[in-house]
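Reading the structure
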Amino acid sequence: DVHAGDEVTAIVAPLLNGQSERPWDHRLCGIRLQFCSVRVLRIYFAGPLFTPYERSFVDECAAALRADGFEVFVPHEHELETGVDVTAAWIFAKDRPGIERADAMLAILDGPSVDDGTACEIGMFHALMQSDPSKKGIVGLLTDIRGMRGESTGVNLFVQGAIEDVGRIVASIEEARDVLRAWR
C-alpha cells in the first residue's frame, strides 16, 4: 500500500479511478511517478435515503470520500437514476452486489433507531467478513446529538456489537475517513 500526502492523493486519485483524460500520463507537476500496485478501497455507504436531507448528507459524505480516492457505492444513486418501477426484489438485486464487492462499509446510525435496511446491510457485511479476510471492516457514523446529551443513541446493542467486532463507531465524517484511510 502507498500512503501519500493529501496533495499527491488529490492529484493521483483521478488517475487511479480512471477519471483522468490521460490515465497513462506519468508526469504530474514535473514529478515522474512510478506506479506500483495501489488498490482503491471500495466502500459500501449504508444509511437511510428516504428524505432529501438524508440523501444530501450521504451525497456530501460520498463526495468527500471520492475526492480522497475512495470508490463509493451509494444505493440511492442507482435506484433514483433508473426511472424503473422499484420493487423489493429489484433493490435487493441491485444493492447486494454492492455489499459483496465492497472492501469496507460506512453506515449512518443517526435517528431514533438505526434504519432497518442499514441494520440488515451491516449484518450482511459482517457475515461476509467471516469468510473473506480481504474485507477491512465497518465504520458506524453517529452524528446524532441525542447521544451527547445522555439520551439514547438509537443504536441497537446487537448492531453496535456487530460494528465494534470488526470496526468502530465515530462521530464525524473526518473520523470515518481516517479509519478508512488506515484500511487502504
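So, here's what we can say about the structure.

What counts as what
- Residues numbered from 1 in each chain as written.
- Predicted model: local features only at pLDDT ≥ 70, side-chain atom pairs only at ≥ 80, totals over all residues.
- Heavy atoms only, no water.
- Helix = DSSP H or I, 4+ residues; strand = E, 2+ residues; numbered from the N terminus.
- Buried < 20%, exposed > 50% of the residue type's maximum accessible area, 1.4 Å probe, protein only.
- Lys, Arg positive; Asp, Glu negative; His and termini not counted.
- Salt bridge = Lys/Arg side-chain N within 4 Å of Asp/Glu carboxyl O.
- Contact = heavy atoms within 4.5 Å.
- Axes fitted to C-alpha atoms, helices over the stretch in contact; angles between N-to-C directions.
- Parallel < 35°, antiparallel > 145°, perpendicular 65-115°, else oblique.
- Left-handed = near helix turned anticlockwise from the far one by under 90°.
- Nonpolar A, V, L, I, M, F, W, Y, C, P; charged D, E, K, R; others polar.

Observations regarding the side chain of E121
Along the chain, E121 falls in helix 5 (residues 116–131). Despite being buried, E121 has no salt bridge partner; R96 is the closest side chain of opposite charge, sitting 12 Å away. For E121, the residues in contact, after removing those within four places along its chain, are Y44, A46, G47, P75, I99 and M105.

Structural notes on the packing of helix 4 (residues 88–101) against helix 5
The relative placement of two packed helices is expressed as an angle between their axes plus a distance between the axes. Orientation of helix 4 relative to helix 5, taken along the N-to-C sense of each, is 45°, at an axis distance of 10 Å. Taken together, the axes of helix 4 and helix 5 lie oblique to each other. The two elements helix 4 and helix 5 cross, and the hand of that crossing is right-handed. In this structure, helix 4 contributes F92, R96, I99 and E100 to the contact, and helix 5 contributes E121, M124, F125 and L128. Within the contact of helix 4 with helix 5, the residues separate by chemical class into five nonpolar, no polar and three charged.

Remarks on the packing of helix 5 against helix 6 (residues 157–166)
At a minimum axis distance of 10 Å, the contact between helix 5 and helix 6 shows a crossing angle of 40°. Judged by the twist between their axes, the crossing of helix 5 over helix 6 is left-handed. Within the contact between the two elements, helix 5 uses A119, I122, H126, M129 and Q130 and helix 6 uses V159, A162, I163, D165 and V166. Class assignment of the residues belonging to the contact of helix 5 with helix 6 gives a composition of seven nonpolar, two polar and one charged.

Let's talk about the side chain of T118
Relative to the elements of secondary structure, T118 occurs in helix 5. The buried category is assigned to T118, whose relative accessible area is 0%. Apart from the residues lying within four places of it in its own chain, the contact partners of T118 are A46, G47, P48, A107 and I108.

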